[in-house]
Every structure is written in C-alpha cells, then in structure tokens.
Amino acid sequence: MTNINNLSTNKSYICANCNQIINDRYMLQALDKMWHEDCLKCACCDCRLGETGSTLYLKANLILCKRDYLRLFGMTGHCASCQRLIPAFDLVMRCGELVYHLNCFSCYECQQKFCVGDRYFLYNNQILCEDDHERTRKTHLSSSTDAPLYSK
C-alpha cells in the first residue's frame with residue numbers, strides 16, 4: 001500500500017471502492033488499484049488501512065488489517081510452559097520448536113524472567129538460566145554439549 005500525493009499527478013483516478021473520481025489531496029495505491037483514504041478499510045473492524053501502516057491482507061475476498069487477519073486466519077498454539085492457548089495476535093518467545101507467552105518465558109528452576117539479549121539454555125526441553133544450567137549439568141554429570149541460545 002502506497003500513499004500518493006494526488007496534487008503531483010496530472011491524471012484522474014477512480015476509486016476502486018466507490019467508483020468516484022479521487023479529487024482528494026492524497027490517495028492510496030493498493031492491490032494495483034487506487035483508493036480514497038476513507039474507502040480502503042478493513043472488512044471486519046472498519047479501520048482505515050492507510051492509518052494502520054503499510055500492510056494489508058487479502059484472504060477469502062476480504063481486505064483485512066493485520067489484527068483481524070491473524071484473528072481470523074492466524075495460527076494459534078499452546079504455551080510450552082502453562083499449556084494455555086496463545087492467540088494468533090499475541091507476541092511470543094520461541095526456543096527451538098517451543099512457543100511461550102512472554103510472561104511464561106522464564107527459567108524452569110528459579111523462574112527468572114528473561115529479557116531480550118539474556119542468555120538461556122534449552123536442557124531436556126526446559127529453559128534454564130546460566131546458573132541453573134551449570135548446576136543441572138554438574139548434578140547430572142551430563143555429557144551433553146548444549147550450546148547457549150539467545151533471545152531475539
């Protein structure tokens with residue numbers, strides 16, 4: 001989706017939604033068509049897509065904002081820690097194939113929450129902080145060659 005200054009063009013454009021000439025100062029170009037800013041809206045929540053960013057989604061002949069697209073068609077899953085459902089539009093932390101709510105992404109042993117940039121380890125499908133990882137390895141005399149993973 002592109003916002004175009006209509007005053008800098010010498011052409012007349014017809015809105016893809018209302019089929020009226022676009023005389024407004026600005027217009028939107030999306031899906032290879034031109035639109036009034038007020039005419040390019042999400043089919044579900046009716047928000048003006050020109051105000052929500054430069055991305056829109058087209059699925060099942062519906063023009064959608066990101067939130068409604070994810071709500072209707074996004075993948076949902078379950079948190080590896082609490083086992084509760086993670087809505088498709090929630091922010092998550094991933095560690096390998098495991099997915100976590102942000103609030104559940106913590107050390108399995110001491111429950112220390114991880115921040116962006118913190119080092120953590122995946123040990124027997126459990127996330128551990130550095131201290132607990134070392135303690136666990138020494139206790140179990142594991143010959144594992146676990147490498148540190150970094151949050152993104």
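Everything numeric here is computed off the predicted structure, so don't read it as measured data.

A. Representation of the overall build of the chain. The secondary structure content of the chain amounts to two helices and 12 strands. Residue pairs in contact within the chain that sit at least 24 positions apart in sequence constitute 25% of those at least 6 positions apart. Just so you have it, the chain exposes about 10300 Å², and 47% of that area is on carbon and sulfur atoms.

B. Looking closely at helix 2 (residues 130-140). For helix 2, the full list of buried residues reads Asp132, His133 and Thr136. Viewed along the axis of helix 2, the buried residues span an arc of 105 degrees, placing them on a single side of the element. Turned more than 90 degrees away from the buried face of helix 2, the exposed residues are Asp131 and Lys138. Buried residues in helix 2 make contact with strand 10 (119-123) and strand 11 (126-128).

C. Geometry of unusual backbone geometry. Despite not being glycine, Leu31 shows a phi value in the positive range, around 55 degrees. Mapping Leu31 onto the fold places it in the loop between strand 2 (26-30) and strand 3 (33-36). Positive phi, normally seen in glycine, also occurs at Asp32, with a value near 60 degrees. Take Asp32: it is sitting in the loop between strand 2 and strand 3.

D. View of a nonpolar patch on the surface. Residues Leu62, Leu72 and Phe73 make up a contiguous nonpolar surface patch of about 210 Å² in total accessible area. In this structure, Leu72 sits in helix 1 (residues 66-73).

E. View of the pairing of strand 3. Bridge analysis of strand 2 against strand 3 gives four bridges, and the strand direction is antiparallel. What sits directly across from Leu28, in strand 3, is Trp35. Count of turn residues in the strand 2/strand 3 antiparallel hairpin: two residues, of which Leu31 carries a positive phi of about 55 degrees.

F. Fine view of the nonpolar core. Judged by nonpolar contacts, the single largest core of 15 residues is most densely connected at Cys95, Tyr100, Phe105, Phe114, Tyr120 and Ile127. Secondary-structure elements contributing two or more residues to this core are strand 8 (92-95), strand 9 (98-101), strand 10 and strand 11. Aside from chain neighbours lying at most four places away, what touches Ile127 is Cys95, Tyr100, Phe105, Ser106, Cys107, Tyr108, Phe114, Tyr120, Phe121 and Leu122. Membership of the second largest hydrophobic core comes to 10 residues, among which are Ala30, Leu40, Leu56 and Leu64.

G. Up close: the packing of aromatic side chains. This structure, assessed with the given rule, holds five aromatic pairs. When the centroid spacing of 4.6 Å and the interplanar angle of 15 degrees are considered together, the rings of Tyr57 and Tyr69 count as stacked. Taken as a pair, Tyr57 in strand 4 (residues 57-59) and Tyr69 in helix 1 lie far apart in primary sequence, 12 residues in all. Judged by its relative accessible area of 23%, Tyr57 is partly exposed. Ring plane angle 90 degrees and centroid distance 5.0 Å describe the contact between Phe105 and Tyr120, whose orientation is recorded as edge-to-face.

H. Region of interest: the environment of Val116. Mapped onto the elements of the fold, Val116 is located in the loop between strand 9 and strand 10. Through-space distance from the C-alpha of Val116 to that of Met93 is 9.9 Å; in sequence the pair is 23 residues apart.

Cut-offs and rules
- Residues numbered from 1 in each chain as written.
- Predicted model: local features only at pLDDT ≥ 70, side-chain atom pairs only at ≥ 80, totals over all residues.
- Heavy atoms only, no water.
- Helix = DSSP H or I, 4+ residues; strand = E, 2+ residues; numbered from the N terminus.
- Contact = heavy atoms within 4.5 Å.
- Areas by Shrake-Rupley, 256 points an atom, 1.4 Å probe, with all protein chains shown as cover.
- Buried < 20%, exposed > 50% of the residue type's maximum accessible area, 1.4 Å probe, protein only.
- Arc of directions from axis to C-beta.
- Patch = residues over 30% accessible without salt bridge, like charges linked within 9 Å, V, L, I, M, F, W, Y side chains within 5 Å.
- Salt bridge = Lys/Arg side-chain N within 4 Å of Asp/Glu carboxyl O.
- Pairing = 2+ DSSP bridges.
- Core = buried A, V, L, I, M, F, W, Y, C linked by side-chain atoms within 4.5 Å.
- Phe/Tyr/Trp six-rings, centres within 6.5 Å; stacked < 30°, edge-to-face > 60°.

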